[in-house]
Amino acid sequence: MRLVRTELVDSREILPGQWLQSFHAPELATGSRAGQFVHVRTGDLSGLVLRRPFSINTADTASGTITIHFRTIGRGTEWFTALRPGDGVDMLGPLGRPFEVNARSSNLLLVAGGLGMAGVRFLADEAIRDGRRVTLLFGAASAREVYPTSLLPDEVEYVIATDDGSVGHHGFVTELVPDYEAWADQAFACGPAPMLAALARLAAGRRERLGVARLGRKRGGGRSDPVGSPAARRKSFLQVSMEQNMGCAVGACLGCVIMGTNGAPQRVCREGPVFAAEEVAWEAGW
């Protein structure tokens, strides 16, 4: 984790009310992994005390840049849209725990709902760099809110679902998953909590439906890996990136807590934002 002064390189509205910004931040670009985030300080505007968390959308070590993708929903995010190239922005990061890809996984299924694209976009780059195949399922309300194909690597198979049927599959993105769950070695998702809960229910019954073995057979006399450890997460079929409001983003304020299946509160900023689906108590109503 570093406190870094970054410089805006480019800012553009890629969808109505959604922005993609690129920052020169070599220290963050070289040390970040897919699934992690930055905590960003807004300008000296009255009442804007807390930093804002943003998923690291992409990171390019060659150019030393990272990107963030966000929707304007208040004064804080509106402040970012007024920035111009050359403006400096204070960022803390990389924060949180990343996605864990099993070394034996060749086919990765990514599922994103709306702005959840920002949570999995970086993983597509990492997977392709490592020679893996990627299918990305994306859900939006309408064609007007579909993430542009031009912003994805050519190697990604991109499948779209819209609630109103204006483009792609007519229905929820979760309805596409059964067509790919046999192909996928692992799945990774980010989006609204109801979508993630539905995916978790599908993942829980996958082995029985398909008759597949778990990834990463136990070694060392049958010892299991601790729940929440990187090794345990690598053996999970589904990992989810949780979206929660954050105050401190370093685990002190407990403002981003969800409930774990172990009965203990889980801080999205520290134990997450990435969790194995079976770590989350989806019905707890946090």
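Structural data are supplied above this passage.
Starting from 1, residues in each chain are numbered consecutively following that chain's sequence as written. Totals for whole chains, interfaces and linings use all residues, but because this is a predicted model, local features are given only for residues with pLDDT of at least 70 and pairs of side-chain atoms are given and counted only at 80 or more. The side-chain numbers reported here are obtained from all heavy atoms of the structure, hydrogens and water having been left aside.

## Section: the environment of Ser63
Selection criterion: A run of DSSP states H or I qualifies as a helix once it reaches four residues; a run of E qualifies as a strand once it reaches two. Both are numbered from the N-terminal end. Accessibility here uses a 1.4 Å probe with only protein chains present; expressed as a share of the type maximum, an area under 20% marks a residue as buried, one over 50% as exposed, and anything in between as partly exposed. Any pair of nitrogen or oxygen atoms within 3.5 Å is treated as a polar contact; in protein, a donor-acceptor pairing is required on top of that, and neighbouring residues in sequence qualify only through side-chain atoms on both sides.
Positionally, Ser63 belongs in the loop between strand 5 (58–60) and strand 6 (65–71). With a relative accessible area of 35%, Ser63 lands in the partly exposed category. On a C-alpha basis, the gap between Ser63 and Ala187 in space is 29 Å, while along the polypeptide they are 124 residues apart. Polar contacts involving the side chain of Ser63 include one to the side chain of Asp60, which spans 3.2 Å.

## A few points about the sheet that holds strand 8 (residues 107–113)
Spelled out, the test is: One bridge is not enough; two strands pair if DSSP finds at least two bridges between them. Whether two residues touch is decided by their heavy atoms; if any such pair falls within 4.5 Å, the residues are in contact. To obtain each axis, a line is fitted to C-alpha atoms, and for helices this fit is confined to the stretch in contact; angles are then taken between N-to-C directions over 0 to 180 degrees.
Ordered by their spatial adjacency, seven strands build an open sheet running 11-10-9-8-12-13-16, and the pairing between neighbours is mixed. Each end of this open sheet is capped by a strand with a single partner; those strands are strand 11 (169–170) and strand 16 (274–276). With five bridges joining them, strand 8 and strand 12 (residues 186–190) adopt parallel strand pairing. Residue pairing across strands places Leu109 opposite Ala187, the latter belonging to strand 12. Each of strand 8, strand 9 (133–140), strand 10 (157–162) and strand 12 touches helix 3 (residues 117–129); the most contacted strand, strand 8, lies at about 160° to it.

## Topic: the environment of Met259
You can see Met259 is positioned in strand 14 (residues 257–259). C-alpha separation for the pair Met259 and Ala284, spaced 25 residues apart in sequence, amounts to 6.4 Å.

## Notes on the environment of Arg12
Note on placement: Arg12 falls in strand 1 (residues 2–15). For Arg12, a relative accessible area of 41% translates into the label partly exposed. Separated by 230 residues in the primary sequence, Arg12 and Met242 place their C-alpha atoms 25 Å from one another.

## Notes on helix 4 (residues 193–204)
Helical geometry note: an α-helix holds 3.6 residues per turn, so side chains three or four residues apart project in the same direction. The condition is simple: Each helix should span, by expectation, one fewer than its residue count multiplied by 1.5 Å.
For helix 4, which comprises twelve residues, the first-to-last C-alpha distance of 16 Å matches the rise-based estimate of 16 Å (1.5 Å per residue) to within 8%. Turning to helix 4, its buried residues are Met195, Leu196, Ala197, Ala198, Leu199, Ala200 and Ala203.

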